[in-house]
Amino acid sequence: MYRRRALTPSVTQVSAGFPILLLTGPRQVGKTTLLKHCAEPGRGYVTLDDLERRDLAQNDPALFLQAHPAPTIIDEIQYAPQLFAELKLSVDRVGEPGMYWLTGSQKFHLMQGITETLAGRVAILDLLGFSQVEIEERTEQALPFLPSDSWIEKTGTVSIPAKQLPEIYQRIWQGSFPVAVLGDPALRDVFYSSYIQTYIQRDVRALTQVGDELAFSRLLRAAAARTGQLLNYADLARDVDVDQKTIKAWLSILETSGITYLLQPYHNNITKRMIKTPKLYFLDTGLCAYLTQWSSAETLEAGAMSGAIFETWAFAEILKSYWHQAQQAYFYFYRDKDKKEVDLLIERDNTLYPVEFKKTASPSRSASKNFKVLNRLAKTIGPGAVICLKESAAPLSEEVTAIPAGYL
């Protein structure tokens, strides 16, 4: 059963303007399925998961492209970076848009080859698991989130049923991978167990020389337990029993393969009191909940990670609202040495829009009290939002609106 993706119009639009389109994202988020549904009749397909095809691409890239002429989809391009130079020759010779659609699940290796060889010839799109608007099949109304009157008005005109706490946490616990969303719920644990094993055995080995796979597995669990928190390399190193240099290298692997996201603190020269430590987020809450061993949505909601996992899910939904519209997400957070924090700052048109995440159905005016500290940044501060569990949007002040998580 195919579920339409919000990125679909962008694939067609971008392909019409560039000879090469690269779709990146974690394994199993539906990259190949999306491109196949966007493909016009006559577009070929080949995957480098096929060892015979991979060997040809690596050892005779010119012959490989002869065997698979444009227009075509080349899946898992990271296995044959030798193709990049030949792709450049091909598109420079023909010069037509939409010649090659590529997918890759390992940005770690991909981006170096692309920036060196295919600069100016390739458009890069990012795909994550299903967003809430995709699950609910309202992609026609999908918009990049911004806590503005315009966004709230446009979203509010869509008939979105109010979501109760159990429904939100069921969605958080289930996760966003298409197999987890559309498959048999009873097989959810089997999927995540297999995903972790495959990820470590295939992708991690291909990315770098991880000498201790058990230690890397411990890192996955330790990082999942810290989602939504400031990143502390020393604490992680102590829990995983490796040095901080190794922790930084392994976290880089998690980030570049789309498992985690490091949200950077906002910083400028106006104030020196802001910290410089990033926050760590898992991009799929189902995987995060599995790694931290919550056996049901009910135990997750009642447990110690309840608030952090809600924040993680809401943050990922906002990120998807940008990436799945082929837009850059200029996201930061604020925290100073007085421990005053704003969960998310969205920068757009030289304006900062502050956002807080609160697991409550009745946020108070004090939920946005830290927004005032942003005035010291000498930047334009736009309307703010508190993402919460209310049933409908409601103003908390002239500048701040409580927005239901179900609107995302």
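Residues numbered from 1 in each chain as written. Predicted model: local features only at pLDDT ≥ 70, side-chain atom pairs only at ≥ 80, totals over all residues. Heavy atoms only, no water.

Turning next to helix α2 (residues 31–38). For α2, the set of buried residues is K31, L34, L35 and C38. Take α2 and look down its axis: the buried residues cluster within an arc of 95°, on one side only. (Buried < 20%, exposed > 50% of the residue type's maximum accessible area, 1.4 Å probe, protein only. Helix = DSSP H or I, 4+ residues; strand = E, 2+ residues; numbered from the N terminus. Arc of directions from axis to C-beta.)

The sheet built from three strands is open, its strands ordered β6-β8-β7 with antiparallel pairing. Only two strands of the sheet have a single neighbouring strand rather than two, namely β6 (229–230) and β7 (260–263). One ladder, built from four bridges, connects β7 with strand β8 (residues 279–282); its direction is antiparallel. From the neighbouring strand, Y261 faces β8, where its bridge partner is Y281. Here helix α17 (residues 306–323) sits on the sheet in contact with β7 and β8, set at roughly 80° to β8. (Pairing = 2+ DSSP bridges. Contact = heavy atoms within 4.5 Å. Axes fitted to C-alpha atoms, helices over the stretch in contact; angles between N-to-C directions.)

Mapped onto the elements, R3 comes out in the segment before α1 (8–15). Polar side-chain contacts of R3 include one of 2.5 Å to the backbone oxygen of I135. The contacts of R3, once residues within four sequence positions are left out, are F130, E134, I135, E137 and L182. (Polar contact = N/O pair within 3.5 Å; in protein donor to acceptor, adjacent residues only side chain to side chain.)

The next thing to look at is the pairing of strand β11 (residues 351–357). Of all seven residues making up β11, seven are buried, and the element is well covered by its neighbours. Remark: two residues form the turn of the hairpin made by strand β10 (residues 341–348) and β11, two consecutive strands paired antiparallel; D349 in that turn has positive phi of roughly 50°. Bridging between β11 and strand β13 (residues 384–388) involves three bridges; their strand directions are parallel. Paired with E356 across the bridge in β13 is V386.

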